[in-house]
Amino acid sequence: MSAILISGKDLASDKRLEMKQEVEKLTKDGTQPGLAVILVGNDPASRSYVKAKEKACHEVGIYSVLQELPESVSEQELLAEIERLNQDEKIHGILVQLPLPKHISEQAVIETISPEKDVDGFHPINIGKMMIGEETFLPCTPFGIVEMIKSKDIEISGKHVVVIGRSNIVGKPVGQLLLNENATVTYCHSRTKNMKEITKQADILVVAVGKAKFIDADYVKEGAVVIDVGVNRLESTGKLCGDVEFDEVKEVASYLTPVPGGVGPMTITMLLHNTIESVKRKLKATV
Ligand code: GUN
């Protein structure tokens, strides 16, 4: 058996086409959606993600500003910049690229972004709303994963989802979103014992560990849906690869997401979605 690939690239491209029309309409009616991205320091991976976000904004007609701050910027200066963007009428979404230098508290940064402009969905208010199933900004990677699963009409309700990874950005929220879709959710992480026994029970396996080719076919039940969130650069070849041993797992899984061209493009697409959503909410609130 060879798994059906879920192409995030194709789904993202369909969604962006629709978004472009929506942005054109909003702009014509007087409000062009605007996204501010703050990049602190010179991490090459963060820089390339931020550039991809800017390019995607341009592609659908969203106004974007990139604020580049030096590694040495103080927490106070960064928070002041966020406060300024909170007040900026042209900006509907604010994203501070993570990780941040050690002398800056990520939590203080996240909590300074106005929840109404928190298009990453990281503010505790938005996380709380997500937990209780209220409408809010959903974190982009988990949101993109759910969209990818749904795009193939794969049933989530009643299925056993196993999430490997418990980060605040991906692992924890993706489990919560799939629970909201009535899945039975199990989390595995670095302290989990007998991980293979657990992952082998998964109907849907979400892998977000950040280790190249960590999951081979031995971890996967025949016919499982496997979502690979990893983006790792192989030192030997310089090529990108996921957390899943693709060539092996594709012979066991029913559906599999590739890397690159899988979850990555969907993450950025859901950021665009959230930015547009922010404008729509603001317009609704002012009618
Ligand atoms: N770093 C890695 N992923 C993300 C993300 O989704 N948002 C932000 N702000 N930083 C990240």
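Data block above holds the structure.
The present account deals with the structure reproduced in this document.

The rules we used
- Residues numbered from 1 in each chain as written.
- Predicted model: local features only at pLDDT ≥ 70, side-chain atom pairs only at ≥ 80, totals over all residues.
- Heavy atoms only, no water.
- Near = heavy atom within 4 Å.
- Polar contact = N/O pair within 3.5 Å; in protein donor to acceptor, adjacent residues only side chain to side chain.
- Areas by Shrake-Rupley, 256 points an atom, 1.4 Å probe, with all protein chains shown as cover.
- Nonpolar A, V, L, I, M, F, W, Y, C, P; charged D, E, K, R; others polar.
- Pairing = 2+ DSSP bridges.
- Helix = DSSP H or I, 4+ residues; strand = E, 2+ residues; numbered from the N terminus.
- Salt bridge = Lys/Arg side-chain N within 4 Å of Asp/Glu carboxyl O.
- Buried < 20%, exposed > 50% of the residue type's maximum accessible area, 1.4 Å probe, protein only.
- Lys, Arg positive; Asp, Glu negative; His and termini not counted.
- Contact = heavy atoms within 4.5 Å.
- 1 Å grid on protein atoms, 1.4 Å probe; cavity = no way out; pocket = protein on both sides within 12 Å on 5 of 7 lines; lining within 4 Å.
- Points joined across faces, edges and corners; volume = space filled by probe spheres on them.
- Axes fitted to C-alpha atoms, helices over the stretch in contact; angles between N-to-C directions.
- Disulfide = S-S within 2.5 Å.

1. Comments concerning the site of the ligand
Near the ligand you find Leu95, Val96, Gln97, Leu98, Asp120 and Phe122, and these make up its full shell. Residue leucine 98 places a main-chain N or O atom 2.9 Å away from a nitrogen atom belonging to the ligand. Contacts to the ligand include aspartate 120, whose side-chain N or O atom sits 2.7 Å from a nitrogen atom. Here the ligand loses 83% of its free accessible area of 280 Å² to cover by the protein chains. In terms of residue class, the shell around the ligand is made up of 4 nonpolar, 1 polar and 1 charged.

2. Brief notes about the sheet that holds strand 1 (residues 4-5)
Across the sheet, which stays open at both edges, the 6 strands sit in the order 1-11-8-7-5-6 with parallel pairing between neighbours. Sheet topology places strand 1 and strand 6 (184-188) at the edges, where each strand pairs with a single neighbour. Summarising the sheet, strand 5 (residues 160-164) and strand 6 pair through 5 bridges and their orientation is parallel. Looking at strand 6, one finds that isoleucine 164 is bridged to cysteine 188.

3. As for the pattern of salt bridges
By the definition in use, this model includes 13 salt bridges. A salt bridge links lysine 15 to glutamate 147; the nearest nitrogen and oxygen atoms lie 2.8 Å apart. Placement of lysine 15 in helix 1 (residues 8-28) and of glutamate 147 in helix 6 (residues 140-151) is noted, with a sequence separation of 132 residues between them. In this structure, the salt-bridge partner of glutamate 181 is lysine 150, at a minimum N-O distance of 2.9 Å. In this pair, glutamate 181 sits in the loop between helix 7 (171-180) and strand 6 while lysine 150 sits in helix 6, placing the two residues 31 residues apart along the sequence.

4. Section: the side chain of lysine 53
Mapped onto the fold, lysine 53 is located in helix 2 (residues 44-60). One buried charged residue, lysine 53, remains without a salt bridge, the closest side chain of opposite sign being aspartate 120 at 5.5 Å. Those residues in contact with lysine 53, other than ones at most four positions away along the chain, are Leu95, Gln97, Ile268 and Leu271.

5. Concerning the layout of surface pockets
Take a probe with the size of a water molecule and roll it over the atoms, and the empty space left behind shows itself. Of the voids in this model, the second largest pocket is the one considered here, and its volume is about 330 Å³. Counting residues per element, the ones that place at least two in the lining of the second largest pocket are helix 3 (75-87), helix 5 (124-131) and helix 10 (263-286). Looking at the lining of the second largest pocket residue by residue, the class counts come to 3 nonpolar, 7 polar and 8 charged.

6. Here we look at the sheet that holds strand 2 (residues 34-40)
Pairing in this open sheet of 3 strands is parallel, and the strands run 3-2-4 from one edge to the other. Whereas interior strands pair on both sides, the edge strands pair on one side only; in this sheet they are strand 3 (63-69) and strand 4 (93-96). Across the sheet, the mean angle from the axis of one strand to that of its neighbour is 15 degrees, orientation sign disregarded. Here 7 bridges tie strand 2 to strand 3, and the two strands are oriented parallel to one another. Bridging across to strand 3, valine 40 finds its partner in leucine 69. Packed onto the sheet, helix 3 meets strand 2, strand 3 and strand 4 and runs at close to 175 degrees relative to strand 2.

7. Considerations on the state of the cysteines
Under the definition given, this model contains 0 disulfides. Unpaired in this structure, cysteine 140 has its nearest cysteine sulfur neighbour in cysteine 57, at a distance of 11 Å. Overall, the relative accessible area of 5% leaves cysteine 140 in the buried class.

8. Things to note about the pairing of strand 7 (residues 204-207)
By the alternation rule, side chains of strand 7 split into Ile204 and Val206 and Leu205 and Val207, which are all buried. Sheet topology places strand 5 next to strand 7; 4 bridges connect them, and they run parallel. Looking at the pairing, valine 163 lines up with valine 206 of strand 7. Judged from the 4 bridges that link them, strand 7 and strand 8 (residues 225-228) form a sheet pairing that is parallel. Note on strand 8: the bridge partner recorded for valine 207 is aspartate 228.

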